[in-house]
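Next come the chains, spelled out residue by residue.
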Amino acid sequence: MAELSTIARPYAEALYAAARDKNAVAQWSTVLGELAQISSNEDVREVMTDPRLSKAQRKELLLGLVKSTLPADATNFIDLLVENDRVVTLPEIAEQFEGLKNRHEGSAIAKIVSAYELTDAQVQELLAGLERKFGVKLKPEVTVDNSIIGGIRVTVGDQVLDTSVQAQLTRLRDTLAAQ
């Protein structure tokens, strides 16, 4: 959703700048990951938008769901999100925060989708080639999706390398339909 990413961007940028100034980027990354997971839950989303609950009740509920120890500023951050009805943007804030963190570290996330389970050796070999191509250190997120039939699909940032059989069949169909 473009709208959520637009709303989340200033929060992520401000939070990243504050975390970097306090050398707490890793801690905030963990906290945001947990908050994003909590706020992604459909029941939590429903409660956070329930007009019958006060903002204080929503904040207390959200804080009660967090298992890890929060940095001192985290309660202020959560208070800000609850006050502005932005709790639903937490997953997007976390994703953008990670993107800023990776960019600062000179790395990126490589989302690898394979038709079949890849061994660690295959993933490392693939990463070595991708790191040469993109010129950054890559962190793999490997998933299996047998609907792509064969091959792999790699997404790094906004670039996609799709060598899947599904993509090749789609290109062939489009070529034949155009003639």
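All values derive from a computational prediction rather than experimental measurement.

## What about the overall build of the protein?
On a plain count of helices and strands, the protein comes out with eight helices and four strands. If you list the helices and strands of the protein from N to C, you get α-α-α-α-α-α-β-α-β-β-β-α. The C-alpha atoms of the protein give 20 Å as radius of gyration, which overshoots the globular expectation for 179 residues (16 Å, by more than 25%). Projecting the C-alpha coordinates of the protein onto the three principal axes gives extents of approximately 60 × 35 × 30 Å. Restricting the contact set of the protein to residue pairs at least 6 apart, pairs at least 24 apart contribute 67%. On the protein, roughly 11000 Å² of surface is accessible, and the fraction owed to carbon and sulfur atoms is 53%. For the protein, the distance from the average site of its 20 positive side-chain charges to the average site of its 26 negative ones is 3 Å.

## Here we look at the packing of helix α4 (residues 55-65) against helix α5 (residues 72-83)
Relative placement of two packed helices is described by the angle separating their axes and the distance separating the axes. In contact at an axis separation of 9 Å, α4 and α5 are set at 135° when each is read in the N-to-C sense. Between α4 and α5, the angle is such that the two are oblique. Regarding α4 and α5, the two cross each other, and that crossing is right-handed. Along its contact with α4, which presents Lys55, Arg58, Lys59, Leu62 and Leu63, the element α5 presents Thr75, Ile78, Asp79, Val82 and Glu83. Classifying every residue of the contact of α4 with α5 gives four nonpolar, one polar and five charged.

## Notes on the nonpolar core
Counting residues in each nonpolar core, the largest one holds 29 residues, and the members touching the most others are Trp28, Leu32, Phe77, Leu90, Ile93 and Phe97. Secondary-structure elements contributing two or more residues to this core are α1 (2-21), α2 (25-40), α3 (42-48), α5 and α6 (90-105). Ranked by the residues each element gives to this core, the list is headed by α2, at seven residues. In contact with Ile93, other than residues within four places in its own chain, are Ala8, Tyr11, Ala12, Leu32, Phe77 and Leu81. Ile112, Val123, Leu130 and Val156 belong to the second largest nonpolar core, which has 11 residues in total.

## Overview of the packing of aromatic side chains
Given two aromatic rings, one states the distance between the centres and the angle between the planes to describe the pair. Tallied over the entire structure, the rule returns two aromatic pairs. Taking the centre distance of 5.5 Å and the plane angle of 70° together, the rings of Tyr16 and Phe97 count as edge-to-face. Highlighted residues: Tyr16 in helix α1 and Phe97 in helix α6, separated in sequence by 81 residues. Tyr16 gets classed as buried once you look at its relative accessible area, which sits at 6%. Ring centres of Trp28 and Phe77 lie 5.8 Å apart, and the angle between their planes is 85°; this geometry places the pair in the edge-to-face category. Residue Trp28 is located in helix α2, and its partner Phe77 is located in helix α5; the two are separated by 49 residues in the primary sequence. The buried category is assigned to Phe77, whose relative accessible area is 7%.

## Quick notes on the environment of Ser39
Mapped onto the elements, Ser39 comes out in helix α2. Look at Ser39 and you get buried, because its relative accessible area is 1%. Along the chain, Ser39 and Leu90 lie 51 residues apart, while their C-alpha atoms are 6.5 Å from each other. Sequence-distant contacts of Ser39, defined by excluding residues within four places in its chain, comprise Val44, Arg45, Val87, Leu90 and Pro91.

Scoring rules and cut-offs
Residues numbered from 1 in each chain as written. Predicted model: local features only at pLDDT ≥ 70, side-chain atom pairs only at ≥ 80, totals over all residues. Heavy atoms only, no water. Helix = DSSP H or I, 4+ residues; strand = E, 2+ residues; numbered from the N terminus. Rg over C-alpha atoms; globule rule 2.2 N^0.38 Å. Contact = heavy atoms within 4.5 Å. Areas by Shrake-Rupley, 256 points an atom, 1.4 Å probe, with all protein chains shown as cover. Lys, Arg positive; Asp, Glu negative; His and termini not counted. Charge placed at Lys NZ, Arg CZ, Asp CG, Glu CD. Axes fitted to C-alpha atoms, helices over the stretch in contact; angles between N-to-C directions. Parallel < 35°, antiparallel > 145°, perpendicular 65-115°, else oblique. Left-handed = near helix turned anticlockwise from the far one by under 90°. Nonpolar A, V, L, I, M, F, W, Y, C, P; charged D, E, K, R; others polar. Core = buried A, V, L, I, M, F, W, Y, C linked by side-chain atoms within 4.5 Å. Buried < 20%, exposed > 50% of the residue type's maximum accessible area, 1.4 Å probe, protein only. Phe/Tyr/Trp six-rings, centres within 6.5 Å; stacked < 30°, edge-to-face > 60°.

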